[in-house]
Each structure stands twice: as structure tokens, then as C-alpha cells.
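Structure assessment
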Amino acid sequence: MTGAPLDLRVKIGAATLKNPVIAASGCYNRGEEYAQIVDVGRYGAITLKSVTRSPRLGNDMPRVFPTPGGLLNAIGLQGPGIDHFLAHIAPELSKVPTAVIASVAGFSVAEFAEVAALMDGLPNVIAIELDVSCPNVDREGQCFAADAASLAAVVGAVKSRVKLPVIPKLMPNVADLRPIAQAAQDAGADAVSLINAVRGMVVDVANARPMLANVSGGLTGPAIRPIAVHAVWEVAGTVSIPIIGMGGIETGNDALEFLFAGASAIAIGTANFRDPLVHVRALQGIEEELRRRSVASVRELTGMARTTQAKAGSH
Ligand SMILES: Cc1cc2nc3c(=O)[nH]c(=O)nc-3n(C[C@H](O)[C@H](O)[C@H](O)COP(=O)(O)O)c2cc1C
């Protein structure tokens with residue numbers, strides 16, 4: 001198999017990515033800064049920062065704090081809103097040297113559907129991810145991704161307005177992810193992304209107060225990887241739609257953990273801040289593993305740990 005062409009393509013609904021390595025939302029913009037130092041086009045896709053209907057200033061500072069093995073952030077969905085996005089950012093998307101996944105955040109079902117509809121059909125955009133970790137103002141602030149019915153309502157409403165594949169992004173702060181993922185699939189989701197940041201906080205001991213102005217934040221980076229891998233494992237045993245796995249990926253080996261647990265593709269967020277070549281290393285690690293196992297298609301790696309476990313269990 002050494003030297004034989006490898007098939008790195010993966011399918012997310014009707015969309016095909018050239019490889020399974022994706023830049024995670026909120027960590028890469030459209031890759032324009034990174035393009036000055038690395039080949040952004042090696043990513044199979046870049047997920048944009050989540051866009052809301054109205055402009056948002058985000059939370060007060062400080063809103064980012066490094067922790068052991070991770071990063072705590074409470075950016076608070078800072079962004080210019082959909083009108084600015086359509087006028088100034090959307091026309092630039094055809095220059096992105098790989099596929100683009102748009103991301104929508106909202107505080108009501110109607111907001112998600114409206115913003116997603118405006119993103120459908122933009123140049124280079126091949127799918128729409130939904131950041132459903134926001135409070136639902138129509139349901140007493142309960143997080144969409146924490147409640148199967150709220151999530152299903154968002155996914156259903158977006159699906160009825162867009163043609164592109166729809167990918168809700170699930171969060172780990174729930175008692176059981178499986179019924180939530182099942183509700184997403186039943187409502188028509190073409191794939192699910194997981195996981196979003198894990199809720200956490202740091203206390204500034206010298207000043208005896210929370211370190212972040214927002215008090216709590218989302219923990220990302222390698223500290224959350226085992227949580228994320230387990231989430232993928234559980235959801236892969238529940239749904240039949242593809243999973244985009246993320247949370248602390250820094251190496252090819254990390255990416256393989258997610259694929260073997262059941263993800264079809266992986267996304268990298270925090271690691272980009274430290275190592276702008278992380279996507280190239282992850283991709284190389286996946287390619288090496290394919291060669292080592294004499295497997296031609298990356299799609300064959302998905303769920304490999306599940307198959308191995310099933311075989312071991314049958315003896
Ligand atoms: C600074 C920062 C901003 C983020 N913004 C968003 C966002 O706007 N929308 C979203 O869905 N996820 C957002 N995320 C979450 C990431 O996309 C990803 O799910 C999470 O960071 C886990 O992956 P990682 O450990 O590789 O960073 C953000 C993460 C960070 C660190």
C-alpha cells in the first residue's frame with residue numbers, strides 16, 4: 001500500500017470534504033491571518049466564527065485565561081451581526097482556499113432560522129453549523145443543546161429554510177448526550193459536531209474574585225479531550241449521521257482517537273493558537289496510519305475502536 005493514493009474524502013450530508021481535518025469555529029476566522037504563515041488550504045474545511053442576528057460586543061474583559069492543559073474563554077459571541085457579515089465578509093469567502101462551514105448562533109428558534117437562511121448559498125459555503133449552546137429566550141433561558149425538544153425545534157426550523165447540510169454542535173454539559181443527539185438526527189440534522197467547550201471557572205486567589213469578568217467560561221484544549229472522545233463514542237453508538245469530533249486535538253494521534261471512537265471528521269480549535277501547523281501534522285498522522293494499516297480510505301478508520309471492541313467482546 002505504501003505510495004498508493006490515499007482517499008481522504010469524507011461526506012457530511014451531501015457535502016464532500018477533501019480531507020477530514022476542519023478548523024473549529026471561533027478559532028480561525030476565515031484563516032486570513034494564518035494564511036500569511038501556513039497553507040490554510042490543507043484544511044478540509046474552515047468553520048467560521050458563529051454569526052448572530054445583531055452585532056454583539058461580547059463579554060467584559062478579562063475573558064480568556066490559560067489553565068493547565070487548556071484555555072478558559074468567555075468571549076460571549078462577539079461579532080458584527082448578519083448584516084455586516086453579508087456585506088463585508090461573505091464576498092471574501094470565495095478567496096478561502098478550502099471549503100467553508102458557516103456557523104450560526106441564536107437566542108430563539110426564529111433567529112437561527114433567519115440567519116441560517118441568509119447564509120444558505122453563499123460562495124464556498126458547503127454546510128451550516130449551529131452553535132446551539134446559547135440560552136433560548138423563548139424557554140426561560142434554557143440552553144438549546146441541553147434540551148432535546150428545543151434542539152429539535154431549531155434543527156427543524158433551519159432545515160425547512162436551507163438546502164445546505166445542517167450540523168448542530170452539541171455541548172458536553174448535559175446528563176446524557178445520546179437522546180439529544182438522537183433528537184437532532186430525528187429533526188433532520190445531516191451531521192452533529194461535538195463537543196463545544198466544557199463549562200468551568202478559575203478564581204483569582206490574590207484578589208479573591210472570579211478570574212473572568214463573566215465568572216464562568218468554556219474550557220477547551222487537551223484538558224477536555226477524554227471527555228470529548230467519550231462523547232463521540234457514546235453518540236456514535238446512538239446516531240447514524242456523521243460526527244465531527246473535536247476537543248483538545250493537537251496531534252495526528254489525537255485525531256485518530258476521535259476517528260476510531262466514531263467520528264467521520266475532526267476539528268481543531270485551541271491548538272491553532274500555539275501551533276499554526278497543527279492541521280498539517282494531524283493530516284500527516286492520519287495518512288501515516290492509513291499506510292501503516294494498509295487502508296486506502298480514511299472512511300474505514302471511523303469507528304475502528306468500536307469494531308475492535310465488538311470483536312473482542314464476542315470471544
Ligand atoms: C476563543 C474561542 C472561541 C470560540 N468560539 C466559538 C463559536 O463562536 N462558536 C462555536 O460553535 N464554538 C466556538 N468555540 C468552540 C470551538 O469551536 C471548539 O468546539 C472547542 O474549542 C473545542 O475544541 P478545541 O479544544 O480544539 O479548541 C470557541 C472556542 C474558543 C477557544
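Residues numbered from 1 in each chain as written. Predicted model: local features only at pLDDT ≥ 70, side-chain atom pairs only at ≥ 80, totals over all residues. Heavy atoms only, no water.

**With respect to the packing of helix α5 (residues 225-236) against helix α6 (residues 252-261)**
- Running from amino to carboxyl end, α5 crosses α6 at an angle of 20°, the nearest separation of the two axes being 8 Å. In terms of their interaxial angle, α5 and α6 are classed as roughly parallel. Judged by the twist between their axes, the crossing of α5 over α6 is right-handed. Here α5 contributes R225, A228, V229, V232, W233 and A236 to the contact with α6, which in turn contributes D254, E257, F258 and A261.
- Its residues assigned to classes, the contact of α5 with α6 comprises seven nonpolar, no polar and three charged. (Axes fitted to C-alpha atoms, helices over the stretch in contact; angles between N-to-C directions. Helix = DSSP H or I, 4+ residues; strand = E, 2+ residues; numbered from the N terminus. Parallel < 35°, antiparallel > 145°, perpendicular 65-115°, else oblique. Left-handed = near helix turned anticlockwise from the far one by under 90°. Contact = heavy atoms within 4.5 Å. Nonpolar A, V, L, I, M, F, W, Y, C, P; charged D, E, K, R; others polar.)

**Some points on the sheet that holds strand β4 (residues 45-47)**
- On the basis of which strands lie adjacent, the closed barrel formed by eight strands has the order β3-β4-β7-β8-β11-β12-β17-β18 and parallel pairing. Sheet twist, expressed as the average angle between the axes of neighbouring strands with direction ignored, equals 25°.
- As defined by bridge partners, strand β11 (residues 166-170) adjoins strand β12 (residues 192-194) across two bridges and the pair is classed as parallel. For K169, the partnering residue across the bridge sits in β12 and is S193.
- Relative to the sheet, α6 contacts β17 (243-246) and β18 (265-268), its axis offset from that of β18 by approximately 140°. (Pairing = 2+ DSSP bridges.)

**Considerations on helix α2 (residues 109-119)**
- Restricting attention to buried positions, one finds in α2 the residues E111, F112, A113, V115, A116 and M119.
- For α2, the elements touching its buried residues are α1 (81-89), β7 (99-105), β8 (125-131) and α3 (148-159). (Buried < 20%, exposed > 50% of the residue type's maximum accessible area, 1.4 Å probe, protein only.)

**So, the sheet that holds strand β6 (residues 70-73)**
- The strand order across the open sheet built from four strands is β5-β6-β16-β13, with neighbouring strands paired in antiparallel fashion. The sheet is open, and its two borders are formed by β5 (64-67) and β13 (198-200), each paired with just one other strand. Averaged over all pairs of adjacent strands, the angle between their axes in this sheet comes to 35°, without regard to strand direction.
- Two elements, β13 and strand β16 (residues 217-220), share three bridges in a ladder whose sense is antiparallel. Considered in β16, the bridge of R199 is made with G218.

**Remarks on the site of the ligand**
- Around the ligand, the surrounding shell holds 20 residues, and the nearest of these are S25, S50, K169, G248 and T270.
- A distance of 2.7 Å is found between a nitrogen atom of the ligand and a side-chain nitrogen or oxygen belonging to S50.
- G221 places a polar main-chain atom, nitrogen or oxygen, 2.8 Å from an oxygen atom of the ligand.
- Taken by itself the ligand offers 610 Å² of open surface, and the protein chains cover 95% of this.
- Structurally, the ligand is housed in the largest pocket.
- Class assignment of the residues belonging to the shell around the ligand gives a composition of six nonpolar, 11 polar and three charged. (Near = heavy atom within 4 Å. Polar contact = N/O pair within 3.5 Å; in protein donor to acceptor, adjacent residues only side chain to side chain. Areas by Shrake-Rupley, 256 points an atom, 1.4 Å probe, with all protein chains shown as cover. 1 Å grid on protein atoms, 1.4 Å probe; cavity = no way out; pocket = protein on both sides within 12 Å on 5 of 7 lines; lining within 4 Å. Sits in = over half its atoms within 2 Å of the grid points.)

**Regarding the packing of aromatic side chains**
- Following the criterion strictly, the structure yields three aromatic pairs and no others.
- An angle of 75° between the planes, with centres 5.0 Å apart, marks the rings of Y28 and Y43 as edge-to-face. Separated by 15 residues along the polypeptide, Y28 in the loop between β3 (21-23) and β4 and Y43 in the loop between β3 and β4 bring together distant segments of the chain.
- Residue class for Y43 comes out buried when judged on its relative accessible area of 0%.
- One aromatic cluster is present, built from ring pairs that chain together Y28, Y34 and Y43.
- Over the face of the ring belonging to W233 we find R306, whose NZ or CZ atom lies 4.4 Å from the ring centre. (Phe/Tyr/Trp six-rings, centres within 6.5 Å; stacked < 30°, edge-to-face > 60°. Lys NZ or Arg CZ within 6 Å of the ring centre and 35° of its normal.)

**Describing the layout of surface pockets**
- Here the largest pocket defines a volume of roughly 1,100 Å³.
- Surrounding the largest pocket, 50 residues form its lining, N73, D131, N196, A197 and G218 being those nearest its centre.
- Listing elements by their share of the lining of the largest pocket, those giving two or more residues are β6, β8, β13, β16, β18 and α7 (271-274).
- Per element, the largest residue contribution to the lining of the largest pocket is three residues, and it comes from β16.
- Classifying every residue of the lining of the largest pocket gives 23 nonpolar, 20 polar and seven charged.
- Considered as a void within the structure, the second largest pocket measures approximately 170 Å³ in volume.
- Classifying every residue of the lining of the second largest pocket by side-chain character gives five nonpolar, four polar and three charged. (Points joined across faces, edges and corners; volume = space filled by probe spheres on them.)

**Observations regarding helix α4 (residues 177-186)**
- When we look at burial in α4, the residues that qualify are L177, I180, A181, A183, A184 and Q185.
- Looking at the buried positions of α4, the neighbouring elements they touch are α3, β11, β12 and α5.
- Following α4 by one or two positions, G188 adopts a phi angle in the positive range, close to 110°.

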